Amino acid sequence: MIDLYYWPTPNGHKITVALEEMGLPYTVKPVNILGGEQHTPEFAALSPNTRIPAIVDHDGPGGAAHSVFESGAILMYLAEKSGRFWPEDAAARSDMIQWLFFQCANVGPMFGQCGHFRGYAPERIEYGINRYCGETVKLYGVMDRVLGTRAYLAGADYSLADMATYPWCAPKIRDLHAIEIEQFPNVKRWVGEIERRPAVQRGMAVLGDVMKIGNPDEKAREALFGKA
């Protein structure tokens, strides 16, 4: 059994989607990041940067419990464990890893900062909005060009790269980023195909009733962005 330390954010959704796609049994351990639960010593022992998600696999390598933090590393661990979405062909595997890292190094940070300055900053800062939301539009353009040449980010097959990137392009997140999806027809096609997958729908619904985007109160803002 896998314990998933989770809150319904794009990075959290990556892992619920993957677990559902791979058919791996898991138990959700909510970590209310709006209430500061990510800063407890117990969670910090699992995730040193005090960010969700994290997992504990009670049947890890050699049968021992094994913990993993960082969403990209968790995705790779789960793929190897399940034997699914981990291409045997070295070139295909390399393509998938490149696009997974593209999400972790570009989409997540830039989209996250765009969302911060549009929906979480205590005051409107035009430089931050222009800088990061401009980068978000640029990255949509990169994906749109690539998806005009193939079905999915890493090639013909749905992969970890798609699981990692889709939650950052889901409708509520697009609204926060003020993205007009019609401007990116290939991304629109890709989003539509992914959101019709039953496992994606199940993964995105986990703790959906407590999901909150933007407009935090002062307690939540301190928990998310304070010195703690």
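We now turn to the structure provided with this report. (Residues numbered from 1 in each chain as written. Predicted model: local features only at pLDDT ≥ 70, side-chain atom pairs only at ≥ 80, totals over all residues. Heavy atoms only, no water.)

### Observations concerning unusual backbone geometry
That bond from Ile-52 to Pro-53 is cis: its omega, 5 degrees, falls within 30 degrees of zero. For Pro-53, the location among the structural elements is in the loop between α2 (41-46) and β3 (54-57). In the Ramachandran plot, Phe-85 falls in the positive-phi region, its phi being about 60 degrees despite a non-glycine side chain. In this structure, Ala-178 is a non-glycine residue whose phi angle is positive, near 60 degrees. Relative to the assigned elements, Ala-178 resides in the loop between α7 (171-177) and α8 (185-195). (Helix = DSSP H or I, 4+ residues; strand = E, 2+ residues; numbered from the N terminus.)

### Quick notes on the packing of helix α1 (residues 10-22) against helix α3 (residues 71-82)
Following both chains from N to C, one finds α1 and α3 inclined at 5 degrees, their axes separated by 10 Å at the closest point. Considering the angle they form, α1 stands roughly parallel to α3. Side by side, α1 and α3 meet where Asn-11, Lys-14, Ile-15, Ala-18, Leu-19 and Met-22 of the first sit next to Ser-71, Ile-74, Leu-75, Leu-78, Ala-79 and Ser-82 of the second. Class assignment for the residues of the contact of α1 with α3 results in eight nonpolar, three polar and one charged. (Axes fitted to C-alpha atoms, helices over the stretch in contact; angles between N-to-C directions. Parallel < 35°, antiparallel > 145°, perpendicular 65-115°, else oblique. Contact = heavy atoms within 4.5 Å. Nonpolar A, V, L, I, M, F, W, Y, C, P; charged D, E, K, R; others polar.)

### Quick look at the sheet that holds strand β1 (residues 2-6)
Read across the open sheet, the four strands follow the order β2-β1-β3-β4; overall the sheet is mixed. The open sheet has two free edges, formed respectively by β2 (26-30) and β4 (66-69), since each of these has just one partner strand. Between one strand and the next, the sheet's axes are offset by a mean angle of 20 degrees, whatever the strand orientation. For β1 and β2, the ladder comprises five bridges, and the chain directions are parallel. Within β2, the residue paired with Ile-2 across the bridge is Tyr-26. Contacting β1, β2 and β3, α1 runs over the sheet at an angle of about 155 degrees to β1. (Pairing = 2+ DSSP bridges.)

### A word on the nonpolar core
With 52 residues, the main nonpolar core has Ile-55, Leu-78, Phe-111, Tyr-140, Met-143, Val-187 and Trp-190 as its most contacted residues. Elements supplying a minimum of two residues to this core: β1, α1, α3, α4 (90-119), α5 (126-147), α6 (160-165) and α8. The biggest single contributor to this core is α4, with seven residues. Membership of the second largest hydrophobic core comes to 12 residues, among which are Tyr-5, Trp-7, Ile-52 and Tyr-120. (Core = buried A, V, L, I, M, F, W, Y, C linked by side-chain atoms within 4.5 Å. Buried < 20%, exposed > 50% of the residue type's maximum accessible area, 1.4 Å probe, protein only.)

### Observations regarding α1
In this model α1 runs 18 Å from its N-terminal to its C-terminal C-alpha over 13 residues, within 8% of the 18 Å that 1.5 Å per residue would give. With 12 of 13 residues buried, α1 lies mostly within the body of the structure. When α1 is considered as a whole, its buried residues turn out to be Pro-10, Gly-12, His-13, Lys-14, Ile-15, Thr-16, Val-17, Ala-18, Leu-19, Glu-20, Glu-21 and Met-22. Positive phi appears at Gly-23, one or two residues downstream of α1, with a value of about 70 degrees. (Expected span 1.5 Å × (residues − 1).)

### A word on the packing of α4 against α5
In the contact formed by α4 and α5, the axes pass within 8 Å of each other and the chain directions differ by 145 degrees. Judged by the twist between their axes, the crossing of α4 over α5 is left-handed. Across from Trp-99, Phe-102, Asn-106, Val-107, Met-110, Phe-111, Gln-113, Cys-114, Phe-117 and Arg-118 in α4, the residues of α5 making contact are Gly-128, Ile-129, Arg-131, Tyr-132, Cys-133, Glu-135, Thr-136, Leu-139, Tyr-140, Val-142, Met-143 and Val-146. Across the contact of α4 with α5, the residue classes break down as 15 nonpolar, four polar and three charged. (Left-handed = near helix turned anticlockwise from the far one by under 90°.)

### Digging into the state of the cysteines
Applying the stated criterion to the full structure yields one disulfide. Disulfide pairing places Cys-114 opposite Cys-133 at an S-S distance of 2.4 Å. Of note, the bridge from Cys-114 to Cys-133 carries an S-S torsion of about 100 degrees and is right-handed in sense. Taken together, the residues Cys-114 in helix α4 and Cys-133 in helix α5 connect sequence positions 19 residues apart. Cys-114 gets classed as buried once you look at its relative accessible area, which sits at 0%. Given a relative accessible area of 11%, Cys-133 falls into the buried group. Cys-104 takes part in no disulfide bond, and the closest cysteine sulfur, belonging to Cys-169, lies 13 Å away. Using a relative accessible area of 33% as the deciding quantity, one classes Cys-104 as partly exposed. Here Cys-169 stays free of any disulfide, with the sulfur of Cys-114 as its closest cysteine sulfur at 12 Å. (Disulfide = S-S within 2.5 Å.)

Without other data, these values stay purely geometric and don't point to any function.
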